[in-house]
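Chain by chain, the residues run as shown.
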Amino acid sequence: MSTVKNTREEIVEGLSEILEEVAGVDPKEATEDKSFTEELDVDSLSMVEVVVAAEERFGVKIPDDDVQSLKTVGDAVSYIEKAQG
Amino acid sequence: MTTGTRVIGLGHYQPDKVLTNDDLAKMVDTNDEWIQSRVGIRERRIAEKESVADMATAAAERALAASGRTAADIDLVVVATCSAIDRVPNIACRVADRLGIEAPGAYDVNTACSGFSHALATADHAIRADAATSAIVIGVEKLSDFTDWTDRSTCVLFGDGAGAAVITGVADGETPEVGPVVWGSVPKMSDAVRIEASHPYIAQEGQTVFRWAITTLAPLARKAAERAGVDMADITAFVAHQANLRIIEGIAKKLDAPNAIIASDVVESGNTSAASVPLALSKLAESGRIASGDPVLLFGFGGGLTYAGQVIRCP
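Residues numbered from 1 in each chain as written. Chains lettered and ligands numbered in written order. Predicted model: local features only at pLDDT ≥ 70, side-chain atom pairs only at ≥ 80, totals over all residues. Heavy atoms only, no water.

Tracing the sequence through the fold places Trp34 of chain B in helix H2 (residues 32-39). In this structure, the C-alpha to C-alpha distance between Trp34 of chain B and Asn21 of chain B, residues 13 residues apart in sequence, is 9.3 Å. (Helix = DSSP H or I, 4+ residues; strand = E, 2+ residues; numbered from the N terminus.)

Laid out in structure tokens, this is it:
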């Protein structure tokens, strides 16, 4: 879908900006090993907002069924990297 | 034949019984902070004694009094509800009987949470088609009958209540004050919100509905303003279905209505499905925060999935 392909670092940076805006997560906290719900305190509706913002920013589609499998920031980064092809 | 309709009276009814988040914390594993941060609801009203028809009648009576008309002037009653337990008679006939409206067209509409805007549109169409002259349109729900009070993921969300509007045809040369409806549905998402006979409790795919709401509805609401010929900057208030505060804020953020009051009655009423739009509208008008003639954008959405909205002028 997107012609842009971001580096892993760019995706982490983009996600941390989104997490800060949507869920008030401190960007320093948003590292790849952190889990969205347990460590970053992102609730299920905020997670949807994060996903919607990530879809727009990175030009990918992340269906609801796949959102369930994204436990950590690193999971989301890998998913986006793969979806960008 | 008239060219359109206008709202001439609003009214609402909520049961006296207040159920706070602290009350719920005694029933299921939850707490006030959790509920407020997730869905923005502080309290809701629960009908202990009132039936759906009781609440609908009370709201309709107030709207009729506010309109300055009498039962004899009304020839159409349309009720939006998805929580009437009796299949026959419908709530519209029960309300008409109690208000002494003798031979109106009387029917119920079920499009779940988007019900009021659908009902308002069908009443507007009936009057424009010369099938009626003045109508009472009611949104009413008693969701407490369909709430699983042991399920903490849903029982914190819903409430009971009713709201009503009286509409009538405009005179020759007057501008219609109920705008054209924008309505539709997403049938392939039928299972996203359910009250099924086999499991008569409200069940929903919260994240799926949330994503649909915050990504697709703002442009549809803007289309309703466009169809009414009202600039978004002139919209005085946005009364969306009061599902939860985060959906309302999510839609409002993408609405581009910089001067609109965003109705947030969900905080003190919970999600009352088809009752939420007329309830929030009537309370907003009563508060004096919107004035007669102000353009207000109504937008309902929910089970079906369905949506409907239109611009009305505040009576």
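More follows now that the structure is in view.
All names here are of chain B. In spatial order, the strands read E1-E7-E6-E4-E5; together these five strands make up an open sheet with mixed pairing. Each edge of the open sheet is held by one strand with a lone partner, namely strand E1 (5-13) and strand E5 (105-109). Pairwise comparison of adjacent strand axes, ignoring direction, gives a mean angle of 15 degrees for this sheet. Taken together, the five bridges between strand E4 (residues 76-80) and E5 define a ladder with parallel strand orientation. Its bridge partner lying in E5, Ala80 is registered against Val109. (Pairing = 2+ DSSP bridges. Axes fitted to C-alpha atoms, helices over the stretch in contact; angles between N-to-C directions.)

This part covers the UniProt feature "modified residue: O-(pantetheine 4'-phosphoryl)serine" (unreviewed entry) in chain A. The feature "modified residue: O-(pantetheine 4'-phosphoryl)serine" (unreviewed entry), as given by UniProt, occupies Ser44 of chain A in the numbering adopted here. Positionally, Ser44 of chain A belongs in helix H2 (residues 44-58). (UniProt positions renumbered as here; feature names shortened; annotations may be inferred.)

Our focus in this paragraph is the sheet that holds strand E14 (residues 306-313) of chain B. All names here are of chain B. Read from one edge to the other, the open sheet built from five strands follows the order E8-E14-E13-E11-E12, with strand pairing classed as mixed. The open sheet has two free edges, formed respectively by strand E8 (182-185) and strand E12 (261-262), since each of these has just one partner strand. Where E8 and E14 come together, four bridges link them in antiparallel fashion. Residue pairing across strands places Trp183 opposite Ala308, the latter belonging to E14.

Glancing now at the UniProt feature "domain: Carrier" (unreviewed entry) in chain A. Under the local residue numbering, the UniProt record ascribes the feature "domain: Carrier" (unreviewed entry) to residues 9-84 of chain A. Secondary structure content for residues 9-84 of chain A is 61% helix and 0% strand, while the C-alpha to C-alpha distance between its ends is 14 Å.

Here we take up helix H5 (residues 115-128) of chain B. Residue and element names in this part refer to chain B. Compared with an ideal rise of 1.5 Å per residue, which puts 14 residues at 20 Å, H5 spans 20 Å between its outermost C-alpha atoms and is within 8% of the ideal. Counting buried residues along H5, eleven of its 14 residues qualify, which places the element largely inside the surrounding structure. Among the residues of H5, those classed as buried are Gly115, Phe116, Ser117, His118, Ala119, Leu120, Ala121, Ala123, Asp124, Ala126 and Ile127. Directly beyond the C-terminal end of H5, a positive phi value near 70 degrees is found at Asp130. (Expected span 1.5 Å × (residues − 1). Buried < 20%, exposed > 50% of the residue type's maximum accessible area, 1.4 Å probe, protein only.)

Between chain B and chain A, the residue contacts involve twelve residues of the former and 15 residues of the latter. Taking both partners together, chain B and chain A bury about 1,200 Å²; carbon and sulfur atoms supply 49% of that area. When the buried area of chain B at its contact with chain A is split by residue, Gln207, Arg211 and Arg246 of chain B rank highest and sum to 55% of it. At the surface where chain B touches chain A, the tally comes to six salt bridges. Across the contact surface, chain B and chain A share seven residue pairs in polar contact (both at pLDDT 80 or more). Of all the secondary-structure elements, those providing two or more residues to the side of chain B that touches chain A are helix H6 (206-228) and helix H7 (245-253) of chain B. A total of seven residues in the side of chain B that touches chain A trace back to one element, the largest contributor, which is H6 of chain B. Residue composition of the side of chain B that touches chain A, grouped by class: two nonpolar, five polar and five charged. (Contact = heavy atoms within 4.5 Å. Buried area = accessible area lost by both parts, 1.4 Å probe. Salt bridge = Lys/Arg side-chain N within 4 Å of Asp/Glu carboxyl O. Polar contact = N/O pair within 3.5 Å; in protein donor to acceptor, adjacent residues only side chain to side chain. Nonpolar A, V, L, I, M, F, W, Y, C, P; charged D, E, K, R; others polar.)

Moving on to the packing of aromatic side chains. All names here are of chain B. Scanning the entire structure with this criterion turns up two aromatic pairs over all chains. With a centroid separation of 6.4 Å and 65 degrees between ring planes, the pair formed by Trp212 and Phe301 is classed as edge-to-face. Separated by 89 residues along the polypeptide, Trp212 in helix H6 and Phe301 in strand E13 (residues 295-302) bring together distant segments of the chain. Geometrically, the ring pair formed by Phe299 and Tyr307 is stacked, given 6.3 Å between the ring centres and 15 degrees between the ring planes. Accessibility classification places Phe299 together with Tyr307 in one group, the buried group. (Phe/Tyr/Trp six-rings, centres within 6.5 Å; stacked < 30°, edge-to-face > 60°.)

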